[in-house]
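Inside the fold
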Amino acid sequence: PDEDSADAEPQLGDEEWTVPVSIGTPPQGFKLDLDTGSSDLWVFSTLLSKEEVNGQSLYDPNKSTTAAKMTGYTWDCHYGDGSFSSGYIYQDTVTIGGVTVAKQPVEVAKTVAPQFTQDTALDGLVGLGFWTINTAEPKKQKTFFENAAPNLEKGLFTADLKHEAPGSYNFGWIDENAHASNITYADVDSSDGYWMWTSPGYAVGDAKGINKTAIRGITDTGTTLLLLPDDVVDTYYGQVDGATWAEEWSGYVFDCNTTVPDFSFAVDNGTAKVTVPGEYLNYAENGDGTCYGGIQSDYGVGFSIFGDIAIKSAFVVFDQQNLKLGWASK
Ligand SMILES: CC[C@H](C)[C@H](NC(=O)[C@@H](NC[C@H](O)[C@@H](N)CC(C)C)C(C)C)C(=O)N[C@@H](Cc1ccccc1)C(=O)OC
């Protein structure tokens, strides 16, 4: 079907993926990070002081004939990585991958954290979580997808991120050519507003069976790494020669020449599993001959996070209509 697809460009060495988004009339173009771990659509704007802008594209509602200020509304985001952004809200026409939503609440940034100012690769976020964690006041607003879903063939979207290559997000349809195996679905618990699910277990390297231990976590396209419970992380690095937890990097590191084993997590009752190649788990060079692992601890978050390192190892279906999360190899 001519349903809709948005190419996702990998940025900064697979740290984040952005897609082209147009807002307003005439359309103003932006590179936004589709983030299933949050539910606010916000964009750098002309309201920002110039010290907080570093080349990002700025949305100017005064230049859009379809912009309408939502008087009295504000928004205020605080992310798990300590970053933040806040401002006012306009309704305007938003188009992503051929899907257009008129009157989409567009949160315009008046303040952004230094992490965002420094991140020249993105102009804002498109939250694809559930509206219950949208931060708009006095009334929470629906996400772009929740507003678009009624006009889509299916109430789902898919993420097909790739290692150091452009990926794609599709809205409303499943591209059967994009995945190799059957799609195995897990139940989603949306009560915290995230795409929360439970993996029944994991395996390190080419181990045949799985260690049966429940891993409850969210699938978050906006988080780069794979953050797991300490016992799983310790078991994994127990099989990585010379891996140690380094205070200075506040994480597990190992010699860059180390062969790093695959990591697999089970879906459903363990019948299916997703294998993250060891190559993806040697995430980044620290510059001193040690490399930073793609698997790290979820300590302090309260749940695990299946971030981009896991997502780019599979074809993922975010089925909001049936509250299911589908995983397939590709
Ligand atoms: C803006 C609000 C959204 C929903 C925010 N979401 C998040 O922080 C989740 N996703 C994080 C984002 O994907 C982030 N990495 C995107 C980049 C570009 C900033 C985390 C939990 C994996 C959140 O839950 N914030 C928590 C604060 C928090 C969360 C987790 C850990 C610590 C602190 C909050 O505001 O709760 C009311």
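As a starting point, this report considers the structure included with it. None of the values given here were measured: they were computed from a predicted structure.

Topic: the overall build of the chain
Regarding its fold elements, the chain presents 5 helices and 24 strands. What you see for the chain is a C-alpha radius of gyration of 20 Å, in line with the 20 Å of a compact globule of 330 residues. For the chain, the spread of C-alpha atoms along the three principal axes comes to 60 × 45 × 35 Å. Split into buried and exposed, the 330 residues of the chain put 55% on the buried side.

Some remarks on the layout of surface pockets
Counted as a void, the largest pocket has a volume near 1300 Å³. If you go around the largest pocket, you meet 40 residues; those closest to its centre are Tyr-79, Gly-80, Asp-81, Gly-222 and Thr-223. Those elements giving two or more residues to the lining of the largest pocket turn out to be strand E3 (28–35), strand E5 (68–78), helix H1 (114–118) and strand E21 (295–297). Classifying every residue of the lining of the largest pocket by side-chain character gives 17 nonpolar, 14 polar and 9 charged.

A word on the pattern of salt bridges
Under the criterion given, the structure shown has 7 salt bridges. When the shortest N-O distance is used, the salt bridge between Asp-192 and Arg-216 registers 3.5 Å. Of the two residues, Asp-192 is situated in the loop between strand E11 (184–187) and strand E12 (196–204) and Arg-216 in strand E13 (residues 211–219); the sequence distance between them amounts to 24 residues. On the accessibility criterion, Asp-192 (35% relative accessible area) is partly exposed. According to the relative accessible area criterion, Arg-216 is partly exposed, its value standing at 38%. Overlapping salt bridges bring together Asp-160, Lys-162 and Lys-330 as one network.

Section: helix H3 (residues 230–237)
In an α-helix, one full turn covers 3.6 residues, which means residues spaced three or four apart are oriented alike. Those residues of H3 that fall on the buried side of the exposure criterion are Val-232, Val-233, Tyr-236 and Tyr-237. Seen along its axis, H3 keeps its buried residues to an arc of 125°; they face one direction.

A short note on the state of the cysteines
Considering all chains together, one arrives at 1 disulfide under this definition. Residue pairing for Cys-256: its cysteine sulfur links by disulfide to Cys-291, the two sulfurs lying 2.1 Å apart. Every disulfide takes its handedness from the sign of the S-S torsion; for Cys-256 and Cys-291 that torsion is 105°, giving right-handed. Taken as a pair, Cys-256 in the loop between strand E16 (251–255) and strand E17 (263–267) and Cys-291 in strand E20 (residues 290–293) lie far apart in primary sequence, 35 residues in all. On the basis of relative accessibility, which here comes to 2%, the residue Cys-291 falls in the buried class.

Considerations on the sheet that holds strand E15 (residues 244–246)
Taken in spatial order, the 4 strands line up as E15-E16-E20-E19 in an open sheet, and their pairing is antiparallel. Edge positions in the sheet fall to E15 and strand E19 (282–285), since each of these pairs with one other strand and no more. The mean angle between the axes of side-by-side strands here comes to 50°, regardless of whether they run parallel or antiparallel. Alignment of E19 against E20, held across 3 bridges, turns out to be antiparallel. If you follow Glu-285 over to E20, its bridge partner there is Cys-291.

A closer look at the packing of aromatic side chains
Under the definition given, this model contains 25 aromatic pairs. Clustering of aromatic rings is evident, with ring pairs tying together Phe-130, Phe-144, Phe-145, Phe-157, Phe-171, Trp-195 and Phe-318. The ring of Tyr-280 is capped by Lys-312, whose NZ or CZ atom sits 4.9 Å from the centre of that ring.

Comments concerning the side chain of Ser-83
Examined against the element boundaries, Ser-83 turns out to sit in the loop between E5 and strand E6 (84–96). Among the polar contacts listed, one links the side chain of Ser-83 to the side chain of Asp-81, at a separation of 2.6 Å. For Ser-83, the contacting residues outside a window of four places in its chain are Cys-77, His-78, Ala-113, Gln-115 and Phe-116.

With respect to the sheet that holds E13
What the 7 strands build is an open sheet, ordered E18-E17-E12-E13-E22-E14-E21; its pairing is mixed. Sheet topology places strand E18 (272–276) and E21 at the edges, where each strand pairs with a single neighbour. Pairwise comparison of adjacent strand axes, ignoring direction, gives a mean angle of 40° for this sheet. The pairing of E12 with E13 spans 6 bridges and is antiparallel. Residue pairing across strands places Trp-197 opposite Gly-217, the latter belonging to E13. Along the sheet face, H3 touches E12, E13, strand E14 (226–228), E17 and E21 and points at about 140° away from the line of E21.

As for the site of the ligand
Taken together, 20 residues form the shell around the ligand, and within it Asp-35, His-78, Gly-80, Tyr-194 and Asp-220 come nearest. Take Asp-35: an N or O atom from its side chain is 2.8 Å from an oxygen atom of the ligand. Between the ligand and Gly-222, the relevant distance is 2.9 Å, taken from a nitrogen atom to a main-chain nitrogen or oxygen of the residue. Against a free-state accessible area of 780 Å², the protein chains account for coverage of 74% of the ligand. The cavity that encloses the ligand is the largest pocket. When residues of the shell around the ligand are traced back to their parent elements, those giving at least two are E3 and E5. Class assignment for the residues of the shell around the ligand results in 9 nonpolar, 7 polar and 4 charged.

About the thresholds
Residues numbered from 1 in each chain as written. Predicted model: local features only at pLDDT ≥ 70, side-chain atom pairs only at ≥ 80, totals over all residues. Heavy atoms only, no water. Helix = DSSP H or I, 4+ residues; strand = E, 2+ residues; numbered from the N terminus. Rg over C-alpha atoms; globule rule 2.2 N^0.38 Å. Buried < 20%, exposed > 50% of the residue type's maximum accessible area, 1.4 Å probe, protein only. 1 Å grid on protein atoms, 1.4 Å probe; cavity = no way out; pocket = protein on both sides within 12 Å on 5 of 7 lines; lining within 4 Å. Points joined across faces, edges and corners; volume = space filled by probe spheres on them. Nonpolar A, V, L, I, M, F, W, Y, C, P; charged D, E, K, R; others polar. Salt bridge = Lys/Arg side-chain N within 4 Å of Asp/Glu carboxyl O. Arc of directions from axis to C-beta. Disulfide = S-S within 2.5 Å. Pairing = 2+ DSSP bridges. Axes fitted to C-alpha atoms, helices over the stretch in contact; angles between N-to-C directions. Phe/Tyr/Trp six-rings, centres within 6.5 Å; stacked < 30°, edge-to-face > 60°. Lys NZ or Arg CZ within 6 Å of the ring centre and 35° of its normal. Polar contact = N/O pair within 3.5 Å; in protein donor to acceptor, adjacent residues only side chain to side chain. Contact = heavy atoms within 4.5 Å. Near = heavy atom within 4 Å. Areas by Shrake-Rupley, 256 points an atom, 1.4 Å probe, with all protein chains shown as cover. Sits in = over half its atoms within 2 Å of the grid points.

Geometric values such as these leave the question of function open.
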